[in-house]
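Fold and contact review
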Amino acid sequence: MVPPDLERATDRLYAVFAHHPMPPDMTACDHCVDPAEVDLFRRTPLRALTPKQLGTYLSNPGTWGDGTELPHLVPRLLAAYASGEMADWWWPGHVTSRIHASWQHWSPEERTAVTGFVRSWWRRTLTSWPSTNPVPDVLEAVVALDLDVEEYLSDFAELPGDTPARQLAAFVDNWRWGSSLPEDAQRAVRRWLIGGTPGRVLWEAAVARAGCPAGDELTEAAELVDVLRDMLRGENA
């Protein structure tokens, strides 16, 4: 079930971008994409575009379309990623990087609709277990839009329930093995880890869930965060 805030953000996307039609002369390299496939894509109603159609389009940047079609496609692309329909195609950061490369030409209302959707998508991810998209993948989508990483990381502590803590535990376990985030985003994550909030969130959740398997996982993650925090503080000393 889609949370109300994400549903509203999705409706807002479609409403704000509704004035962008599909270009009637969309073309693609005949050697890369079947012209009949391009024609079907162009004629398919936006909400009916399938993951395969969207994925094939995204797989041919520079050889399918000239970028003028992207505003028309933005609502369907983002909604498809948030719903998990694109799990077998490109990662979320791929589409948000395409958006970021173009949105300097968009209106403030359009950019706000995109960032509002991404924030709702992120919060849904933190409050779902298991989540439709892994937290690191959605964070990469956030970073690709050049948004404030630390503002998004603060949601681990601010959202209610213990699911954000479980997602935090999984994120930290993934983080210790390395990250593909750009260096400035990695610095933001390191500052956040040093600040102590992740450890507090995990220890509080571990105590609340003591005696059950989730509590053991949270305790292990809290101990790992303590080690990472001390290590990072030592590097910055």
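Residues numbered from 1 in each chain as written. Predicted model: local features only at pLDDT ≥ 70, side-chain atom pairs only at ≥ 80, totals over all residues. Heavy atoms only, no water.

Attention now moves to the overall build of the protein chain. For the protein chain, the helix and strand inventory stands at 13 helices and zero strands. Secondary structure of the protein chain in N-to-C order comes out as α-α-α-α-α-α-α-α-α-α-α-α-α. Of the contacts formed within the protein chain by residues at least 6 apart in sequence, a portion of 70% connects residues at least 24 apart. The distance from the centre of the 21 positive side-chain charges to the centre of the 34 negative ones in the protein chain is 3 Å. (Helix = DSSP H or I, 4+ residues; strand = E, 2+ residues; numbered from the N terminus. Contact = heavy atoms within 4.5 Å. Lys, Arg positive; Asp, Glu negative; His and termini not counted. Charge placed at Lys NZ, Arg CZ, Asp CG, Glu CD.)

Going through the model one piece at a time under the given rule, you end up with twelve aromatic pairs. Each member of the aromatic cluster is reached from another via a ring pair, and the members are Trp122, Tyr152, Phe156, Phe171, Trp175 and Trp192. The ring of Tyr14 is capped by Arg47, whose NZ or CZ atom sits 3.7 Å from the centre of that ring. Lying over the aromatic face of Tyr152, Arg119 brings its terminal NZ or CZ to 4.6 Å of the ring centre. (Phe/Tyr/Trp six-rings, centres within 6.5 Å; stacked < 30°, edge-to-face > 60°. Lys NZ or Arg CZ within 6 Å of the ring centre and 35° of its normal.)

The next thing to look at is the layout of surface pockets. Quantified by volume, the largest pocket comes out at close to 210 Å³. Every residue along the wall of the largest pocket is listed here: Trp129, Arg166, Ala169, Ala170, Asp173, Arg176, Ala214, Glu217, Leu218, Glu220, Ala221 and Leu224. Element by element, the count of residues in the lining of the largest pocket is highest for helix H13 (residues 213-236), at six residues. Among the residues making up the lining of the largest pocket, the classes are represented as seven nonpolar, no polar and five charged. (1 Å grid on protein atoms, 1.4 Å probe; cavity = no way out; pocket = protein on both sides within 12 Å on 5 of 7 lines; lining within 4 Å. Points joined across faces, edges and corners; volume = space filled by probe spheres on them. Nonpolar A, V, L, I, M, F, W, Y, C, P; charged D, E, K, R; others polar.)

The residue Pro61 is located in the loop between helix H3 (51-58) and helix H4 (70-82) in this model. Here Pro61 falls in the partly exposed class, since its relative accessible area comes to 46%. Note: C-alpha distance between Pro61 and Ala28 (33 residues apart in sequence) is 9.7 Å. (Buried < 20%, exposed > 50% of the residue type's maximum accessible area, 1.4 Å probe, protein only.)

Attention now moves to the side chain of Arg119. Along the chain, Arg119 falls in helix H6 (residues 108-126). When near neighbours in sequence (up to four residues on either side) are disregarded, Arg119 contacts Glu151, Tyr152 and Asp155.

Turning to the nonpolar core, a few remarks are in order. Ranked by size, the top nonpolar core spans 75 residues in total, and within it Val114 and Phe171 carry the most contacts. Residue contributions to this core peak at eight residues, all from H4. (Core = buried A, V, L, I, M, F, W, Y, C linked by side-chain atoms within 4.5 Å.)

Moving on, we come to the state of the cysteines. Within the structure shown, the criterion is met by zero disulfides. The thiol of Cys29 is unpaired, and the distance to the nearest cysteine sulfur, on Cys32, comes to 3.3 Å. Look at Cys29 and you get partly exposed, because its relative accessible area is 27%. (Disulfide = S-S within 2.5 Å.)

With that settled, the discussion passes to unusual backbone geometry. The peptide bond linking Trp129 to Pro130 adopts the cis configuration, its omega dihedral lying at -5 degrees. As for its position among the elements, Pro130 is in the loop between H6 and helix H7 (135-144). Notably, Asp146 is not glycine yet its phi reads approximately 60 degrees, a positive angle. By secondary structure assignment, the location of Asp146 is in the loop between H7 and helix H8 (149-153). Look at Asp146 and you get exposed, because its relative accessible area is 58%.

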